[in-house]
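What the coordinates show
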Amino acid sequence: MSLKSTLFDLFAIGEPIHRRTLSRYSDSDSLSRALGQLVREGRLVRTGRGQFMRPDSHYVPKSAKVLIDVLEQRILQSSQNVFLRKDFRDLGNDPAVGVALRKLVLCGKIVRIGKGLYARASIDPKTGVPMPQVALEKLAVEALCRLGKNVVEPALMPSEPGAASRSVDHNRIIFIENIVSLRIGYGGVFVPIERFTKASTNNGRD
């Protein structure tokens, strides 16, 4: 068993452990690396200097609560529809921002639409499930542009209420000039994205 797995198994939910009590398992440098990896993966959170614990859906460190409030306010006040993880680097380190984003996802304030991509959410009154406030196709175009991809032909972008909760029109494709492996979507529905070629201009128009 790896040191990281060994350490993680020592933590019970809601019970913090100080790193000095873990020193018998490895040297200081290896211990720091393993604990750091667990924090980056979101499997542990820092609750104080040298102190860690396994989070549950209800626990949020005091410092993280402040970050969550600030991050949420920035999202609410922004004119953007898509948010990248790097948008919040000035608010805290990457692990702390990751914890705050995951908490906002759990609260239904935002949804994750791709790796490192988030969008504002509203609770669907019929299902009680958080849904993007803006249609997935529009979010995909904005996300690609923010990632530096040149969108040649955007997909259909319905804007009427409830449009974001409906299935993507797979007859309309977002064409971009360069290849991207990123999948953009939500709830198992992904927006079709293809590389632009000359043949693409006649796609579906014959």
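In what follows, the structure referred to is the one given above.
Here's what I pulled together on the structure shown here.

It is worth spelling out the environment of Phe-83 at this point. Tracing the chain through its elements places Phe-83 in strand 4 (residues 82-84). When sequence neighbours within four positions are dropped, the list of residues in contact with Phe-83 reads Ile-75, Ser-78, Phe-88, Gly-116, Leu-117, Tyr-118, Ala-119, Arg-120 and Arg-146.

So, on to the sheet that holds strand 2 (residues 45-48). Overall, antiparallel pairing links the three strands, which are arranged 1-3-2 in an open sheet. Each having just a single partner strand, strand 1 (17-18) and strand 2 make up the two edges of the open sheet. Sheet topology places strand 2 next to strand 3 (residues 51-53); three bridges connect them, and they run antiparallel. Each bridged residue has a counterpart across the sheet, and for Gly-48 the counterpart in strand 3 is Gln-51.

Turning next to the nonpolar core. The nonpolar side chains of a soluble globular protein tend to be buried with one another. Counting 18 residues, the largest nonpolar core has Val-82, Ile-113, Leu-117, Leu-139 and Ile-184 as the members making the most contacts within it. Here this core gets six residues from one element, more than from any other, and that element is helix 5 (residues 136-146). In contact with Ile-184, other than residues within four places in its own chain, are Ile-113, Leu-117, Ala-140, Ala-143, Leu-144, Val-189, Phe-190, Val-191 and Ile-193.

Rules used in this analysis
Residues numbered from 1 in each chain as written. Predicted model: local features only at pLDDT ≥ 70, side-chain atom pairs only at ≥ 80, totals over all residues. Heavy atoms only, no water. Helix = DSSP H or I, 4+ residues; strand = E, 2+ residues; numbered from the N terminus. Contact = heavy atoms within 4.5 Å. Pairing = 2+ DSSP bridges. Core = buried A, V, L, I, M, F, W, Y, C linked by side-chain atoms within 4.5 Å. Buried < 20%, exposed > 50% of the residue type's maximum accessible area, 1.4 Å probe, protein only.

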